[in-house]
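Descriptive structure summary
Now for the letters of each chain:
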Amino acid sequence: MIRKGIQRIILCALAAIPMVSVAQEPTIDLTLEKAIEIALAENPTIRVADKEIELKKVADTEAWQTLLPTLSADLGLDHSIKVAAIKTAMGEFKMGMDGSTTAQGGLSLSLPVFAPAVYQNMKLTKEDILLAQEKARGSRLDLINQIKKAYYSVLLSKDSKLVIEKSYKVSEENFNVVNNKYNAGSVSEYDKITAEVQMRNMKSSVVSAETGLTLATLQLKVLMGIDTNIGININDSLKAYENSLTLSNTEVTAAELSNNSTLRQLDQNRTLLERTRKILRTNFMPTIGLQLAYKYTSYSNDNWNLFKYKYSPSSTLQVGISIPVFQASNWTKLKSNKIQLSQLTDTRENTERQLTMAAESYRQNMIKTISKLESDREAVKQANKAVSISSKRYEVGRGTILELNQSETALVQTELTYSQSIYDFLQNKADLDYTLGRE
């Protein structure tokens, strides 16, 4: 009975303990296309670029609103302590009454009739919108390029980790075989130590590969703009891209290069400078404005009661023409604008040369990678064969542990070189697409 009572107490205590559920972070099944899609939606750089376009559109609205009428109201009280007098040969005439108050209020409507600077500024803001849109496009292309390269880096780290883990398992199996032979007295202690060193070296390489994969994945998450605690699952490998490594559509032509975002932004800046030059020329042109005023005024009141004043209305229509005659800075500004246009021309020419050289460099790297990829693929086959032969030779006592270790090291190196070749091609392809402005 006592034992049953203790069991009941324990069960009640366990039932009273709240169940704690561990919240797990979500995991995303990721592909290259999905990584780019998420990055374009979540990366702050893209949102900043889109908001810049909105700002330019607001500025465009503000520019044409300058042509709308301007309506203003004014109210005023003027108390004369001592008014001035006009003295003539006929006598002295005061311009009012001392100690009196004058009240006035009215509306004023202003409208620009001819304002050439405003017209050119309206066109300038539209060109500015196009420049902001091109900058946003450049930001997207740059982000896509970074996402591609980061994604390929993850695949390289992942494939390298698998290669090294496989090699570690082989070295571990070899050590177990050598250790058993050593215990049986059929091999020397040197063979056992050598096999153990090889195994431990591969274990260290596994840890380094895991660290590299973690850092590459973290970089991809940051570029995508997602929380670093969110897990990503990539069921992809560099070998899956092997059949897509072709040199088609890699020619560098002037038409292709014209889509480069940097060159297009330089062209837009030139358009803006040319539009600015037209705005500066409007400083030599007249402007015409129209102003309509309607007022109520009450003069010479001896009290402060505004509601008892006698008001009289008045209205005026004024047309004003402002003609610039001479201002030295207008000529200086035109000269400065001309120099800026010349600088931009030289900058574009130099930029185009550098981009052409960079694009051709990426293309040549891709050609070299294609030419060596077949050799790397064959090297992997031969290295696998060498490991198999050296393993059998060691089992039958005709080979040494050094031969076995060397063959395993060579296999790891050739497999890593093969993955590196595919990675290099994809990296150069991404840079070429970015340089040529391909979306």
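So, how was this worked out
Residues numbered from 1 in each chain as written. Predicted model: local features only at pLDDT ≥ 70, side-chain atom pairs only at ≥ 80, totals over all residues. Heavy atoms only, no water. Helix = DSSP H or I, 4+ residues; strand = E, 2+ residues; numbered from the N terminus. Rg over C-alpha atoms; globule rule 2.2 N^0.38 Å. Buried < 20%, exposed > 50% of the residue type's maximum accessible area, 1.4 Å probe, protein only. Contact = heavy atoms within 4.5 Å. Areas by Shrake-Rupley, 256 points an atom, 1.4 Å probe, with all protein chains shown as cover. Lys, Arg positive; Asp, Glu negative; His and termini not counted. Charge placed at Lys NZ, Arg CZ, Asp CG, Glu CD. Patch = residues over 30% accessible without salt bridge, like charges linked within 9 Å, V, L, I, M, F, W, Y side chains within 5 Å. Salt bridge = Lys/Arg side-chain N within 4 Å of Asp/Glu carboxyl O. Expected span 1.5 Å × (residues − 1). Core = buried A, V, L, I, M, F, W, Y, C linked by side-chain atoms within 4.5 Å. Pairing = 2+ DSSP bridges. Axes fitted to C-alpha atoms, helices over the stretch in contact; angles between N-to-C directions. pLDDT = per-residue confidence, 0-100. Phe/Tyr/Trp six-rings, centres within 6.5 Å; stacked < 30°, edge-to-face > 60°. Lys NZ or Arg CZ within 6 Å of the ring centre and 35° of its normal. Bend = angle between axes of the 7 residues up to and from the residue. Parallel < 35°, antiparallel > 145°, perpendicular 65-115°, else oblique. Left-handed = near helix turned anticlockwise from the far one by under 90°. Nonpolar A, V, L, I, M, F, W, Y, C, P; charged D, E, K, R; others polar.

**Concerning the overall build of the protein**
When you go through the protein residue by residue, the secondary structure sums to 9 helices and 8 strands. Taken against the 2.2 N^0.38 rule, which gives 22 Å for 439 residues, the C-alpha radius of gyration of the protein at 41 Å runs more than 25% over that of a compact globule. In terms of overall dimensions, the protein has a C-alpha envelope of 145 × 90 × 30 Å along the principal axes. Within the protein, buried positions represent 34% of all 439 residues. In the protein, of all internal contacts separated by at least 6 residues, the share reaching a separation of at least 24 is 83%. Of the roughly 27,400 Å² of accessible surface on the protein, 57% is carried by carbon and sulfur atoms. Averaged over its 53 positive side-chain charges, the protein has a centre that lies 4 Å from the centre of its 49 negative ones.

**Structural notes on a nonpolar patch on the surface**
A cluster of nonpolar side chains, namely Phe284, Met285, Val319, Ile321, Ile323, Val325, Phe326 and Trp331, defines an oily patch on the protein surface of about 920 Å² accessible area. Tracing the sequence through the fold places Ile323 in the loop between strand 8 (312-322) and helix 8 (328-395).

**Side note on helix 5 (residues 189-224)**
Spanning 36 residues, helix 5 covers 53 Å between terminal C-alpha atoms, matching the ideal 52 Å at 1.5 Å per step. Positive backbone phi, approximately 80 degrees, marks Gly225, located one or two places after helix 5.

**Some points on the environment of Arg393**
Inspection of the secondary structure puts Arg393 in helix 8. For the pair formed by Arg393 and Glu403, sequence separation is 10 residues and the distance between their alpha carbons is 9.2 Å. With residues near it in sequence (within four places) discarded, Arg393 still touches Arg398, Gly399 and Glu403.

**Brief notes about the nonpolar core**
Of all hydrophobic cores here, the largest spans 47 residues; its most connected members are Leu30, Ile147 and Leu220. Looking at which element gives the most residues to this core, the answer is helix 4 (residues 116-184), with 9 residues. Those residues in contact with Ile147 that sit more than four places away from it in its chain are Ala35, Ile36, Ala39, Leu220, Leu223 and Met224. Of all hydrophobic cores here, the second largest spans 15 residues; its members include Val187, Met202, Ile401 and Val412.

**Examining unusual backbone geometry**
Of note, Ser300 is a non-glycine position whose phi angle comes to about 50 degrees, a positive value. Residue Ser300 is classed as partly exposed on the basis of its relative accessible area of 35%.

**Observations concerning the environment of Asn305**
Summarising the element assignment, Asn305 is placed in the loop between strand 7 (287-301) and strand 8. Along the chain, Asn305 and Thr101 lie 204 residues apart, while their C-alpha atoms are 10.0 Å from each other.

**Let's talk about the sheet that holds strand 7**
The strands making up a sheet associate through hydrogen bonds between their backbones, and the pairing can be parallel or antiparallel. With antiparallel pairing, 4 strands are arranged side by side in an open sheet as 2-5-7-8. Lying at the two open borders of the sheet, with one neighbouring strand each, are strand 2 (70-80) and strand 8. Strand-to-strand twist across the sheet, computed as the mean angle between neighbouring axes with direction ignored, equals 20 degrees. Summarising the sheet, strand 5 (residues 100-114) and strand 7 pair through 12 bridges and their orientation is antiparallel. The residue bridging Phe114 from the neighbouring strand is Ile288, located in strand 7.

**Here's the deal with the confidence of the model for the protein**
Mean pLDDT for the protein: 86, with 94% of residues reaching 70 or above. In this model, residues 1-7 is a region of pLDDT below 50 whose contacts with residues beyond four sequence positions or in other chains number 0 contacts. Note on residues 9-23: pLDDT under 50 across the span, and 0 contacts to partners over four residues away in sequence or across chains.

**Overview of the pattern of salt bridges**
Under the definition given, this model contains 22 salt bridges. Note that Glu349 and Arg353 form a salt bridge whose closest N and O atoms lie 2.8 Å from each other. With Glu349 and Arg353 both in helix 8 and 4 residues apart, the pair spans about one turn of that helix. Close ionic contact of Asp376 with Lys372 constitutes a salt bridge, the shortest N to O distance being 2.9 Å. In this pair, Asp376 and Lys372 are both assigned in helix 8, 4 residues apart and thus about one turn of the helix distant.

**Side note on the side chain of Gln427**
Checked against the element boundaries, Gln427 lands in helix 9 (residues 401-435). Residue Gln427 is classed as buried on the basis of its relative accessible area, which comes to 13%. Contact partners of Gln427, with chain neighbours within four places excluded, come to Lys149 and Tyr152.

**With respect to the packing of aromatic side chains**
Within the structure shown, the criterion is met by 6 aromatic pairs. Look at Tyr151 and Tyr152: their rings are 6.3 Å apart centre to centre, the planes differ by 70 degrees, and that puts the pair in the edge-to-face class. Among the aromatic side chains, those forming a connected cluster through ring pairs are Tyr151, Tyr152 and Tyr241. Note that Lys203 overlies the ring of Tyr168, its terminal NZ or CZ placed 5.5 Å from the centroid.

**Things to note about helix 8**
Helical geometry: 3.6 residues make up each α-helical turn, so side chains three or four residues apart lie on a common side. Along its 68 residues, helix 8 runs 96 Å from first to last C-alpha, staying within 8% of the 100 Å computed at 1.5 Å per residue. The sharpest bend along helix 8 measures roughly 30 degrees and falls at Lys372. Gly397, located one to two residues past helix 8, shows a positive phi value of around 85 degrees.

**Considering the packing of helix 2 (residues 32-42) against helix 4**
Running from N to C, helix 2 and helix 4 point in directions that differ by 140 degrees, and their axes come no closer than 10 Å. As the angle between them shows, helix 2 and helix 4 are arranged oblique. At the point where helix 2 passes helix 4, the crossing takes the right-handed sense. Along the contact surface, helix 2 presents Leu32, Ala35, Ile36, Ala39 and Leu40, while helix 4 presents Arg140, Leu143, Ile144, Ile147, Lys148, Tyr151 and Tyr152. Partitioning the contact of helix 2 with helix 4 into residue classes produces 10 nonpolar, no polar and 2 charged.

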